[in-house]
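As a plain string of letters, each chain reads:
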Amino acid sequence: MNPVVAHAITTLRQGVHDARQRGLTVGFVPTMGALHEGHASLIRAARKETGFVVVSIFVNPIQFGPHEDLARYPRPFDKDVALCAEEGTDLLFAPQVETLYPQGFCTAVEVSGLQDVLEGSSRPGHFRGVATVVLKLFNLVSPDRAYFGQKDAQQVRIIQQMMRDLDVPVQVRVCPIVREADGLALSSRNVFLDEAQRKHATVLYRSLVEVRAAIERGERSASVLQRVLTERIKATPGASLDYAALVDADSLQPIDPLRGQVLIALAVKFGATRLIDNLLIQVP
Ligand code: AMP
């Protein structure tokens, strides 16, 4: 069945209110659209655990830098509605930019420190935009649970911190990264890769797996492993390394030698298309 499509806040609130009147718990999956199997896995998790599933599609302008791909970000709305319907979405919230950011909007959420490293150092202001829109969406939807992908590991860490610091009463669920058969993490941006770039893009996952294997064999030097990542990317035609990092999964700060929960994170550009991937490892 097609979901109810709400463009207006009043329609969204009424839909959630009616579901609550019926005693249903509310699950929420925030997205920027161009939905794929990764998003579908989040909707499925929400479907399994909650009685009323809300998906939002909003390409959030304030999380894009001035030279980023806001204008060309894919927006296949009808296809997205079909995927939402297939996965059993009850309500699809698809607001206009002016609906979330009316004239005079001037508040922002900052998660200092965590927001400034990795993606944050390559994309200044990105996580201010993410935290701000996520808190707004939580206030609008007021879900019991919200579902995020491990694909955006730093985003998950920042949202969890924001929830804790601001006492936001939503349970955050983190779902595993969905990959193509050859390991490439699904992303709405993969459609921009040409045939050669698509082929070479598997280097992200391949080099992450190589580094994981080295850790399992006993390697503990972050600098040695970072060099492995860097060399693999440098040796790949068309790839340009943005960053390769091994950080403490909690603080997101570099850790050397490796111990505890470690996040290995990569950002690589193929032409104008920027891809990210990561692995989370408990160092034995
Ligand atoms: P986006 O539409 O890119 O903002 O992503 C919306 C949500 O889907 C975020 O929580 C992402 O982490 C998650 N997501 C995106 N790609 C994947 C993937 N390949 N596997 C799992 N979750 C994903």
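About the criteria used
Starting from 1, residues in each chain are numbered consecutively following that chain's sequence as written. Reporting of local features is limited, given that this is a predicted model, to residues whose pLDDT is at least 70; pairs of side-chain atoms are given and counted only at 80 or more, and all residues count toward the totals for whole chains, interfaces and linings. To get the side-chain values, all heavy atoms of the structure are used, and hydrogens and water are removed first. Whether a residue is near a molecule or strand is decided by its heavy atoms; if any one of them lies within 4 Å of it, the residue is near. Here a polar contact is taken to be a pair of N or O atoms separated by no more than 3.5 Å, where protein atoms must pair a possible hydrogen donor with a possible acceptor and residues adjacent in sequence count only if both atoms sit in side chains. For accessible areas, the Shrake-Rupley method is used with a probe of radius 1.4 Å. Any residue's cover is judged against the shown protein chains and nothing else. Numbered from the N terminus, helices here are DSSP runs of H or I no shorter than four residues, and strands are runs of E no shorter than two. By the convention adopted, Pro, Cys, Tyr, Trp, Phe, Met, Ile, Leu, Val and Ala count as nonpolar, Lys, Arg, Asp and Glu as charged, and the other residues, Gly among them, as polar. Cysteine sulfur atoms that pair up within 2.5 Å are treated as a disulfide. Under the scheme applied here, a residue whose accessible area is under 20% of the maximum for its type counts as buried, over 50% as exposed, and between as partly exposed, the area being computed with a 1.4 Å probe on protein chains only. Residues belong to a common nonpolar core when they are buried Ala, Val, Leu, Ile, Met, Phe, Trp, Tyr or Cys residues joined through side-chain atoms within 4.5 Å. All domain edges in this entry derive from an automatic or database-based domain assignment. Residues are treated as being in contact if the distance between any of their heavy atoms lies within 4.5 Å.

> When you look at the site of the ligand in this model, what are you seeing that I'm missing?
Around the ligand sit 17 residues, and of these His39, Gly149, Asp152, Val178 and Leu186 come closest. Note that a nitrogen atom of the ligand is positioned 2.9 Å from one of the backbone N or O atoms of Leu186. When isolated, the ligand has an accessible area of 490 Å², and the protein chains bury 92% of it. Ranked by residue count, the leading element in the shell around the ligand is helix H2 (residues 37–49), at three residues. Of the residues belonging to the shell around the ligand, the class tally is nine nonpolar, six polar and two charged.

> Can you walk me through the state of the cysteines in this structure?
As used in these notes, a disulfide is a covalent bond between sulfur atoms, one from each of two cysteines. The final tally for this structure, using the stated rule, is zero disulfides. Cys84 takes part in no disulfide bond, and the closest cysteine sulfur to it belongs to Cys175, at a distance of 15 Å. In this structure Cys175 comes out as buried when scored by relative accessible area, which is 8%.

> I would appreciate a short explanation of the nonpolar core in the present structure.
It is characteristic of soluble globular proteins that their nonpolar side chains tend to be buried jointly. Counting 46 residues, the largest nonpolar core has Leu12, Val54, Phe93, Leu100, Val134, Phe138 and Met162 as its most contacted members. Among the elements that make up this core, the one with the highest residue count is helix H6 (residues 126–141) (10 residues). Counting the residues that make up this core, at least three belong to each of domain 1 (4–175) and domain 2 (188–283). Contact partners of Leu12, with chain neighbours within four places excluded, come to Ala6, Val54, Leu91, Phe93, Leu140 and Val141. In terms of nonpolar packing, the next biggest core, distinct from the first, is built from 28 residues, Leu208, Val211, Leu258 and Val268 among them.

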